[in-house]
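A structural walkthrough
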Amino acid sequence: MKKKIDIEIIDKKQIPQSEPERQYYFMDIAKNYVEQLAAKKGSPLTFHVTTFGCQMNARDSEKLVGILERIGYVETDTEDADFVIYNTCTVRENANNKVYGRLGILQNYKKKNPHMLIGLCGCMMQETVVVEKLKESYRFVDLIFGTHNIYKFAELIVTAMESDSMTIDIWKDTDQIVEDLPVERKYSFKSGVNIMFGCNNFCSYCIVPYVRGRERSRRPEEIIKEIQKLAADGVVEIMLLGQNVNSYGKNLDNPMTFAQLLEEVEKIDGIERIRFMTSHPKDLSDELIEVMARSEKICRHLHLPLQSGSSRILKVMNRRYTKEQYLDLAERIKKAVPGISPTTDIIVGFPGETDEDFEETMDVVRRVGFDSAFTFIYSKRTGTPAAAMEDQVPEAIVKERFDRLLKEVQDISAEVCGRDVRTVQEVLVEEVNDHAPGLMTGRLSNNTVVHFPGDASMIGRLVPVYLQESKGFYYMGHIADKENE
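About the thresholds
Residues numbered from 1 in each chain as written. Predicted model: local features only at pLDDT ≥ 70, side-chain atom pairs only at ≥ 80, totals over all residues. Heavy atoms only, no water. Helix = DSSP H or I, 4+ residues; strand = E, 2+ residues; numbered from the N terminus. Phe/Tyr/Trp six-rings, centres within 6.5 Å; stacked < 30°, edge-to-face > 60°. Buried < 20%, exposed > 50% of the residue type's maximum accessible area, 1.4 Å probe, protein only. Lys NZ or Arg CZ within 6 Å of the ring centre and 35° of its normal. Axes fitted to C-alpha atoms, helices over the stretch in contact; angles between N-to-C directions. Parallel < 35°, antiparallel > 145°, perpendicular 65-115°, else oblique. Left-handed = near helix turned anticlockwise from the far one by under 90°. Contact = heavy atoms within 4.5 Å. Nonpolar A, V, L, I, M, F, W, Y, C, P; charged D, E, K, R; others polar. Pairing = 2+ DSSP bridges. Right-handed = clockwise from strand over helix to strand, strands pointing away. Salt bridge = Lys/Arg side-chain N within 4 Å of Asp/Glu carboxyl O.

Glancing now at unusual backbone geometry. Residue Pro20 is bonded to the preceding Glu19 through a cis peptide linkage, with omega at 5°. Tracing the sequence through the fold places Pro20 in the segment before α1 (21-41). In this model, Met277 is joined to Thr278 through a cis peptide bond whose omega is 10°. Mapped onto the fold, Thr278 is located in the loop between β11 (273-277) and α9 (286-294).

In this section: the packing of aromatic side chains. Using the criterion set out here, one finds 15 aromatic pairs in the structure. Judged by centre distance (6.0 Å) and plane angle (65°), the ring pair of Tyr138 and Phe140 falls under edge-to-face. Ring centres of Phe350 and Tyr378 lie 5.5 Å apart, and the angle between their planes is 70°; on these two criteria the pair is classed as edge-to-face. One end of the pair, Phe350, is in the loop between β13 (341-348) and α12 (355-368); the other, Tyr378, is in the loop between β14 (372-377) and α13 (395-416), and 28 residues separate them in sequence. Phe350 sits in the buried class, given a relative accessible area of 0%. A residue is classified by how much of its surface remains accessible, and Tyr378, at 11% relative accessible area, is buried. Grouped by ring-pair contacts, the aromatic residues Tyr73, Phe83, Phe145 and Phe153 constitute a single cluster. Across from the ring centre of Tyr100, 3.9 Å away, lies the NZ or CZ of Lys133, which sits over that ring.

Once that is clear, we can look at the packing of helix α3 (residues 93-112) against helix α4 (residues 128-137). Direction vectors running N to C along α3 and α4 enclose 15°, while the axes themselves pass 13 Å from each other. With respect to each other, α3 and α4 are oriented roughly parallel. α3 and α4 meet at a crossing whose hand is right-handed. Across the interface between the two elements, Asn96, Tyr100 and Leu103 of α3 pack against Val130, Lys133 and Leu134 of α4. Along the lines of polarity and charge, the residues of the contact of α3 with α4 split into four nonpolar, one polar and one charged.

So, on to the sheet that holds β14. With parallel pairing, three strands are arranged side by side in an open sheet as β12-β13-β14. In this open sheet, the two edge strands, each paired with only one partner strand, are β12 (301-303) and β14. Averaged over all pairs of adjacent strands, the angle between their axes in this sheet comes to 15°, without regard to strand direction. Where β13 and β14 come together, six bridges link them in parallel fashion. The partner of Thr343 across the bridge, within β14, is Ser372. On the sheet, α13 packs against β13 and β14 and is oriented at approximately 175° with respect to β14.

In this section: the side chain of Ser295. Assignment of secondary structure puts Ser295 in the loop between α9 and β12. The exposure class of Ser295 is buried, given its relative accessible area of 6%. Setting aside residues up to four positions removed in sequence, Ser295 forms contacts with Glu266 and Arg300.

The next thing to look at is the pairing of β11. Counting buried positions along β11 yields five of five residues, so the element is predominantly enclosed. Residues Arg273, Arg275 and Met277 point to one face of β11 and Ile274 and Phe276 to the other, with burial holding for every one of them. One crossover worth recording links strand β10 (residues 237-241) to the parallel β11 by way of helix α8 (residues 258-266), and it is right-handed.

Right, let's get into the packing of helix α11 (residues 323-336) against α12. Interhelical geometry of α11 versus α12 gives an angle of 10° and a closest axis separation of 11 Å. As judged from the angle between their axes, α11 and α12 are roughly parallel. Packed against α11, whose contacting residues are Lys323, Tyr326, Leu327, Ala330 and Lys334, the element α12 presents Glu360, Asp363, Val364, Arg367 and Val368 at the interface. The class makeup of the residues in the contact of α11 with α12 is five nonpolar, no polar and five charged.

Turning to the pattern of salt bridges, a few remarks are in order. One pass over the full model with this rule turns up 40 salt bridges. For the salt bridge of Arg59 with Glu226, the shortest nitrogen-to-oxygen distance reads 2.6 Å. Here the residue Arg59 occupies a position in helix α2 (residues 55-70), and Glu226 occupies one in helix α7 (residues 220-232), the gap between them amounting to 167 residues. With respect to burial, Arg59 and Glu226 carry one shared label: buried. Between Lys190 and Glu430 there is a salt bridge, with its nearest N and O atoms 3.0 Å apart. With Lys190 in strand β7 (residues 190-194) and Glu430 in strand β15 (residues 424-432), this residue pair connects regions lying 240 residues apart in the sequence. Judged by relative accessible area, which is 18%, Lys190 ranks as buried. Residues joined by salt bridges that share partners form a network here, namely Arg59, Glu62, Arg218 and Glu226.

Following this line, the structure appears as structure tokens:
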């Protein structure tokens, strides 16, 4: 049984029913509770958010941080805090096991801290078996919610603080999108922007549609308004986020294509770079290629997951394109956007994959010449069709294939990533180099990393850098001197 937190509970009257007004009402109540607890503790309450998974989760965590800071918590870099929340990923089952392991550590912190709250949210919480396990074996957790109702975070905090039992609020699905809630960005000069949520693709190996729900697109005017605010706040680079950005806008009252949205975003003053992910090959239109080709702001980088080079395996994966269609698409993109850097995802050892299937994947890798590839060994994901498939590939064979693929990818990457050596390119300066304080680290439009001498005053600026030497996966350079370069 959870111990009830010692606070004077506020009598709630005339709770707003519309959003986001309802959540701001609960933020005010939560702020009062945090002030009460801070007075008892004798110091500000602290919080720590740990994010597992993709850029979508990272953006969600910025929303969690924004609300926690608004109600009076102060961020700390340790999990020995007054409020710890894990924003979970469930793409692979070992991600779940990692969370369970970390919870054991949090239990020890909680025994020492009567003010401590522990929250779990994100994709993992959308699995019924996970919630049942938490209810049975992790009773010290205070708050559990999923992917669809993250906007209710303030309201759920109030419920958890007032309750003497675990607060669980999981929705199976939703069509609701709530705008204008607090967000605390990790970077001052770049930001992710959700343009849609959910996925309709149901790839046979993937759990995402089951935990993120069906596709729903934000209204374009809300997206534009958010980006305009970001630009006014000094953001120069945005990343448009969705599980499949290429299908943006299909479910809007007034349908709009992703290419049309990009054209509107490009008009926003102050935004210098536009990135997006993830693109599904089956939905990448000729219209989008044309917009990318003539754009002055869309970055010369495209992440286009392949998953397999075998048309037979792609069909079993339910990817809905063939090897030949992928190669044709990649060729058309490279022809329309010279110098673009293609990157991809590849799964090795999908059920039924033969040596011939794997060689088809290697053939695509060689013919496209990816700048980099995220390579994964297939692992069963309970709840997906692929987990029940026969002909699971023996581990030793998968490992041998994976090693061969990784070497091929790295060899190609080392060759193609040096294409801009001894030229001047624009670099967005992101941070002081971790290993050499006299160096700054930034990225080219094509996402390649560059290290060069400088100081922290450059962070967030676009600067011309002479790329002096290619190290295969990154460049060493220096600020361009027009007289000498």
